[in-house]
Amino acid sequence: MAQTRQLTNAMQVYARLFVYIRRHWLALLIAVMASMIYSGIDAWFIYFLKPLLNKGLVQKDAHFLSWAPWLVVLVFMLRGVASFFSNYHIASASRSVIMALRQDLFAKLQRLPARYYDHHTSGHVLSVLLYSVEQVAHASADVLTTAVQSSFLIIGLLVVMFSISWKLSLLYFIIIPLITIVMRITSLRVRRLSLRIQDSVAELSHNAEENIEGYKVVRAFAGQDYEIDKFNRLARFNRQQEMKVVAARAISVSAVQLIAAAALSVTLYIATLDIAGSVLTAGGFVAIVGAMLALLKPMKDLTTMQNKLYRGLAGAQSVFEVLDEPQESDLGHGVLQRARGHICFDHVNFSYHVDKPVLHDVSFSVQPGDIIALVGRSGSGKSTIVSLLPRFYEDYTGQIYLDDKPLCEYRLADLRRQFAAVSQHITLFHDTVANNIAYGSFEKASQQQIYEAARAAHALEFIEQLPQGFDTFVGENGVLLSGGQRQRIAIARAILKDAPILILDEATSSLDTESERHIQDALDGLMKSRTTLVIAHRLSTVEHATSIIVMDQGRVVEIGNHAELLALNQHYARLYRMQFKDLPVERESDAVSS
Ligand SMILES: Nc1ncnc2c1ncn2[C@@H]1O[C@H](COP(=O)(O)OP(=O)(O)OP(=O)(O)O)[C@@H](O)[C@H]1O
Ligand SMILES: [Mg+2]
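Scope of this entry: the structure provided in the associated data block.

Rules and cut-offs
- Residues numbered from 1 in each chain as written.
- Chains lettered and ligands numbered in written order.
- Predicted model: local features only at pLDDT ≥ 70, side-chain atom pairs only at ≥ 80, totals over all residues.
- Heavy atoms only, no water.
- Salt bridge = Lys/Arg side-chain N within 4 Å of Asp/Glu carboxyl O.
- Helix = DSSP H or I, 4+ residues; strand = E, 2+ residues; numbered from the N terminus.
- Buried < 20%, exposed > 50% of the residue type's maximum accessible area, 1.4 Å probe, protein only.
- Pairing = 2+ DSSP bridges.
- Axes fitted to C-alpha atoms, helices over the stretch in contact; angles between N-to-C directions.
- Parallel < 35°, antiparallel > 145°, perpendicular 65-115°, else oblique.
- Contact = heavy atoms within 4.5 Å.
- Nonpolar A, V, L, I, M, F, W, Y, C, P; charged D, E, K, R; others polar.
- Donors = N, O, S within 2.8 Å, 3.2 Å for Na, K, Ca; no water.

### Some words on the pattern of salt bridges
Considering all chains together, one arrives at 17 salt bridges under this definition. A salt bridge links Glu328 to Arg416; the nearest nitrogen and oxygen atoms lie 2.7 Å apart. One end of the pair, Glu328, is in the loop between α10 (282-323) and β1 (343-353); the other, Arg416, is in helix α12 (residues 412-417), and 88 residues separate them in sequence. In this structure, Asp414 engages Arg417 in a salt bridge whose closest nitrogen and oxygen atoms are separated by 3.3 Å. With a gap of three residues between them, Asp414 and Arg417 both fall in helix α12, about one helical turn apart. On the basis of relative accessible area, Asp414 is assigned to the buried category, the value being 3%. We classify Arg417 as partly exposed; its relative accessible area is 37%. Several salt bridges converge on common partners, so that one network encompasses Arg95, Arg102 and Glu134.

Right, dumping it as structure tokens:
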């Protein structure tokens with residue numbers, strides 16, 4: 001289930017949160033001052049009980065009774081205004097912190113390397129962005145409000161107590177070390193539980209997301225019960241952890257109140273002895289007992305606040321863990337407007353996992369304007385080769401050159417501008433057809449260009465049938481379109497990007513033969529002026545390539561053009577024969593081999 005993470009140093013997390021909070025010092029200052037007024041009034045009111053009883057009730061002072069009620073009304077109006085200012089400004093500061101954290105997180109997500117996404121589910125990432133950040137929000141808003149208001153109230157009440165009888169007040173102080181112990185014990189537990197809760201929310205959201213996206217598979221394979229079971233287990237785990245936090249909090253609140261109540265009763269007892277010695281007036285007695293009783297609430301609030309604070313800290317820890325992930329390196333300074341398109345792989349070795357090499361000693365070179373086909377069995381490393389070009393993965397050995405300069409020497413943005421890729425897994429955004437085609441060149445692309453790109457990709461025929469044509473929304477990842485339609489939009493996008501190097505990874509695999517032939521014609525036109533890397537299982541689409549690279553288990557096993565490779569009569573010829581069993585070519589190649 002949820003993996004256990006280490007608690008990082010709380011002070012470090014505070015310090016980093018403080019950087020975000022510091023920007024809103026003015027709002028916080030206003031909030032703190034308003035809170036001081038608010039709590040001051042509460043404490044004052046307790047103090048006011050003394051004259052109220054002594055002068056008002058005991059002595060029945062007419063002058064006092066004439067203005068006292070008005071004063072109370074006035075003061076409580078002020079209290080209301082102060083409360084508004086305090087709550088509003090604290091919330092404003094804390095919501096701004098949340099917004100800043102979210103923005104930073106999202107910006108970070110744009111710069112995390114491919115490996116991060118290989119190892120983290122989108123549910124995990126989403127839960128940090130939505131849930132953990134929100135924990136920080138609750139914690140910081142509630143905590144700030146409570147911390148400021150309660151501490152000032154406690155200070156105010158103590159002042160009241162001390163001014164009435166410092167001896168009795170001192171007595172009350174024995175509770176402080178006891179309360180501190182209780183708070184320390186709970187805080188550690190709550191923080192640990194909070195991390196676990198965050199992990200479980202991540203799993204819940206990952207699980208839900210997978211099921212929502214994959215609902216057809218779940219139903220078709222009758223996986224509902226299995227999925228419901230799994231989800232229920234996760235939900236139960238989440239509830240258990242939440243309940244443990246609730247229990248820890250409830251126990252600590254009761255313990256603190258019990259300690260305070262015990263101290264109160266001792267003080268009360270001694271106070272009554274004091275009254276016998278007529279040290280306290282009736283009003284003084286009521287005020288000091290009132291103050292002690294009134295202390296219970298802010299103390300309780302501080303105790304519960306602590307738990308919220310630790311949830312917030314755990315949230316902040318998750319947020320900072322993402323923010324601290326190393327991002328894609330972009331140390332190259334090479335400026336590149338438009339590459340000529342000369343690519344060279346020089347003894348490249350690469351693996352996704354340390355002990356599982358995926359590419360072995362891959363070497364080949366591509367001249368500008370060439371069409372290079374990568375063919376080979378599934379899993380032989382074709383997509384991996386092309387994913388190294390835009391530097392999605394950088395920890396390969398050997399060297400890859402573009403226009404005779406290693407890839408790492410270019411500025412990342414410049415390098416990536418050189419490639420237009422139609423990848424094996426098409427990604428469309430829940431946006432209009434036009435925006436999907438113009439993705440990445442929103443400002444630059446004119447309506448006309450979008451139209452032309454769609455025409456070249458043979459997408460016009462179906463786009464015009466759509467209810468709103470180019471303005472039709474395509475659904476999440478293009479669910480409202482067919483596989484072949486999605487591919488054609490992706491091809492149009494690549495055409496519009498007009499990059500010097502075109503990468504087509506199974507770009508036409510979902511198309512019928514006729515559409516494929518049409519698109520092939522369009523792509524042929526496009527390929528003339530650029531370097532193209534084509535990955536295809538259907539070998540008929542790569543017969544005309546300048547050169548065909550045959551991959552097997554991560555190695556380049558053959559390089560040559562169609563005729564040469566057929567003549568060689570090994571891997572390629574074997575693949576080719578399997579696909580064209582009934583064609584005369586087979587006999588031709590057999591003839592060559594015999
Ligand atoms: N992100 C990844 N993390 C770990 N391993 C991966 C990852 N992507 C691919 N692999 C592994 O690397 C190997 C090569 O995969 P690759 O996608 O390059 O194959 P391919 O030749 O494109 O296959 P196909 O023709 O099926 O698309 C496979 O064994 C695959 O399991
Ligand atoms: Mg592939």
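### Concerning the pairing of strand β7 (residues 501-505)
Among the five residues that make up β7, five are buried, leaving the element largely enclosed by the rest of the structure. What you see with β7 is no split at all: Ile501, Ile503 and Asp505 on one side and Leu502 and Leu504 on the other are buried throughout. One ladder, built from four bridges, connects strand β6 (residues 419-422) with β7; its direction is parallel. For Ala421, the partnering residue across the bridge sits in β7 and is Ile503. Bridge count for β7 against strand β8 (residues 531-535) is five bridges, and the pairing is parallel. Note on β8: the bridge partner recorded for Leu502 is Thr532.

### Quick notes on unusual backbone geometry
You will see that Arg391, though not glycine, has its phi angle at about 60°, which is positive. At Asp404, a position not held by glycine, the phi torsion is positive, near 70°. On the secondary structure map, Asp404 appears in the loop between β4 (397-402) and β5 (405-406).

### Digging into the packing of helix α16 (residues 483-497) against helix α17 (residues 513-528)
It is at 12 Å that the axes of α16 and α17 come closest, and there the two elements cross at 10°. Between α16 and α17, the angle is such that the two are roughly parallel. Touching Arg488, Ile491 and Ile495 of α16 are Ser515, Ile519, Leu523 and Leu526, all from α17. Looking at the contact of α16 with α17 residue by residue, the classes come out as five nonpolar, one polar and one charged.

### Thoughts on the coordination of the magnesium ion (ligand 2)
Coordination of the magnesium ion (ligand 2) by the protein comes from Ser383 (OG) and Gln424 (OE1), over a distance range of 1.9 to 2.3 Å. With Ser383 in helix α11 (residues 382-388) and Gln424 in the loop between β6 and α13 (433-437), the pair connects residues that are 41 residues apart, well separated along the chain.

### As for the sheet that holds strand β9 (residues 547-552)
The mixed open sheet is built from six strands, whose spatial order is β6-β7-β8-β3-β9-β10. In the strand order of this sheet, the two ends are held by β6 and β10 (555-560), each with one partner. On average, adjacent strands in this sheet sit at an angle of 15° to one another, irrespective of strand direction. As defined by bridge partners, β9 adjoins β10 across five bridges and the pair is classed as antiparallel. Within the sheet, the bridge partner assigned to Met551 lies in β10 and is Val556. Strand contacts of α16: β6 and β7, with the helix running at about 175° to β6, the strand carrying the most contacts.

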